[in-house]
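One-letter residues, chain by chain:
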Amino acid sequence: MKYYVLFGPPGAGKGTFAKMLVENKGYYHISTGDLLRKEIAEGTPLGMQAKDLIEKGNLVPDEVVCGMIRQQFDSNPDVRGFLLDGFPRTVAQAIALDEMLTDMGEELTRVVSIHITDEEVRRRIKGRALVENRADDADDDIITTRIRNYHEKTEPVIQYYKAHDKYFEVEAHGTIDENYAKVSALID
Ligand code: ADP
């Protein structure tokens, strides 16, 4: 089974490329952000806990997202592989993912990292706010918190994967199709 991580700052296009890859290559897409928004919409206890954190631009606890990922792996045994989007977002999550995969007799295939600058992050999130109605996209201070959390908590994950020889990065400053071509070239 193939296990790809689509990595990158908020607004990098992970979700967009994941959807294109699902159509073109038949992988199963797991977005922790989408799963959390579903829990919030359904008003579950987990959703209530996550809502405040997400709307302030903070991360939800590692145990919560790791549990969601494991549940997705377990309930989709027949797919050809997984695209993880928005996970792992901390080194603790990256370690937990490796442990989960080892436990299942599997290993991570590769990390495809989509790189854009902080200014591009802001511009894209503001564009998305006009289309998608996400509370965490609508406010400058929240976007600033998300960018800060990305640099402090998520960026260290890059070193972790470089050290494990799993890390591949693409510069995503072009059009969606140009950027997608680079991402897609790194995925079987
Ligand atoms: P984006 O990539 O635009 O930030 P996501 O939909 O991936 O959006 O995530 C939205 C929010 O959900 C994050 O800001 C965070 O609060 C929460 N979240 C998503 N994935 C994780 C994760 N792996 N660990 C902790 N929090 C997460």
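Definitions and limits used
- Residues numbered from 1 in each chain as written.
- Predicted model: local features only at pLDDT ≥ 70, side-chain atom pairs only at ≥ 80, totals over all residues.
- Heavy atoms only, no water.
- Helix = DSSP H or I, 4+ residues; strand = E, 2+ residues; numbered from the N terminus.
- Expected span 1.5 Å × (residues − 1).
- Buried < 20%, exposed > 50% of the residue type's maximum accessible area, 1.4 Å probe, protein only.
- Arc of directions from axis to C-beta.
- Contact = heavy atoms within 4.5 Å.
- Near = heavy atom within 4 Å.
- Polar contact = N/O pair within 3.5 Å; in protein donor to acceptor, adjacent residues only side chain to side chain.
- Areas by Shrake-Rupley, 256 points an atom, 1.4 Å probe, with all protein chains shown as cover.
- 1 Å grid on protein atoms, 1.4 Å probe; cavity = no way out; pocket = protein on both sides within 12 Å on 5 of 7 lines; lining within 4 Å.
- Sits in = over half its atoms within 2 Å of the grid points.
- Nonpolar A, V, L, I, M, F, W, Y, C, P; charged D, E, K, R; others polar.
- Salt bridge = Lys/Arg side-chain N within 4 Å of Asp/Glu carboxyl O.
- Points joined across faces, edges and corners; volume = space filled by probe spheres on them.
- Pairing = 2+ DSSP bridges.
- Axes fitted to C-alpha atoms, helices over the stretch in contact; angles between N-to-C directions.

This brings us to helix α1 (residues 14-25). If you check α1, its first and last C-alpha atoms are 15 Å apart, about what twelve residues at 1.5 Å a residue would give, namely 16 Å. The complete set of buried residues in α1 reads Lys14, Phe17, Ala18, Leu21 and Lys25. Take α1 and look down its axis: the buried residues cluster within an arc of 105°, on one side only. Taken together, the buried residues of α1 touch β1 (2-7), β2 (28-31), β3 (81-85), β4 (110-115) and α9 (176-184). Two residues or fewer after α1 comes glycine 26, characterised by a positive phi angle close to 75°.

All right, on to the site of the ligand then. As a matter of local geometry, the ligand sits amid 20 residues, with Thr32, Asn58, Gly86, Arg89 and Arg128 nearest to it. Arginine 37 has a polar side-chain atom sitting 2.9 Å from an oxygen atom of the ligand. Contact between the ligand and glutamine 93: a nitrogen atom at 2.9 Å from a side-chain N or O atom of the residue. Burial of the ligand by the surrounding chains reaches 97%, relative to a free accessible area of 550 Å². Of the pockets mapped on this structure, the ligand occupies the largest pocket. Partitioning the shell around the ligand into residue classes produces seven nonpolar, six polar and seven charged.

Before going further, it helps to spend a moment on the side chain of arginine 146. Assignment of secondary structure puts arginine 146 in helix α7 (residues 140-154). Classification of arginine 146 by relative accessible area gives buried; the value is 10%. A polar side-chain atom of arginine 146 sits 2.6 Å from the main-chain carbonyl oxygen of aspartate 136. Among residues more than four places away in sequence, those in contact with arginine 146 are Pro10, Gly57, Ile125, Arg128, Arg134, Asp136 and Asp137.

Okay, the pattern of salt bridges next. Pairing is possible between side chains that carry opposite charge, provided their charged atoms lie close to one another. On inspection of all chains with the given rule, the structure shows 15 salt bridges. A salt bridge links arginine 122 to aspartate 140; its shortest N-O distance comes to 4.0 Å. With arginine 122 in helix α6 (residues 118-132) and aspartate 140 in helix α7, this residue pair connects regions lying 18 residues apart in the sequence. On the basis of relative accessible area, aspartate 140 is assigned to the partly exposed category, the value being 40%.

So, on to empty space enclosed by the protein. Evaluated as defined, the whole model comprises one cavity of 30 Å³ or more. Size it by volume and the largest cavity reaches roughly 50 Å³. Lining the largest cavity are Val5, Leu6, Phe7, Gly8, Lys14, Gly86, Phe87, Pro88, Arg89 and Thr154. For the lining of the largest cavity, the element with the most residues is β1, which contributes three residues. In terms of residue class, the lining of the largest cavity is made up of five nonpolar, three polar and two charged.

Tracing the backbone shows arginine 134 in the loop between α6 and α7. Arginine 134 sits in the buried class, given a relative accessible area of 14%. If we skip the residues at most four places from it in the chain, arginine 134 touches Arg37, Arg128 and Arg146.

Another aspect to go through is the sheet that holds β2. Across the sheet, five strands lie side by side as β2-β3-β1-β4-β5; this open sheet has parallel pairing. A strand with exactly one partner marks an edge of an open sheet, and here the two such strands are β2 and β5 (167-171). Adjacent strand axes in the sheet meet at a mean angle of 20° when their direction is disregarded. Sheet strands touched by α1: β1, β2, β3 and β4. Its angle to β3, the strand with the most contacts, is close to 165°.

Interpretation in functional terms is not warranted from these geometric data alone.
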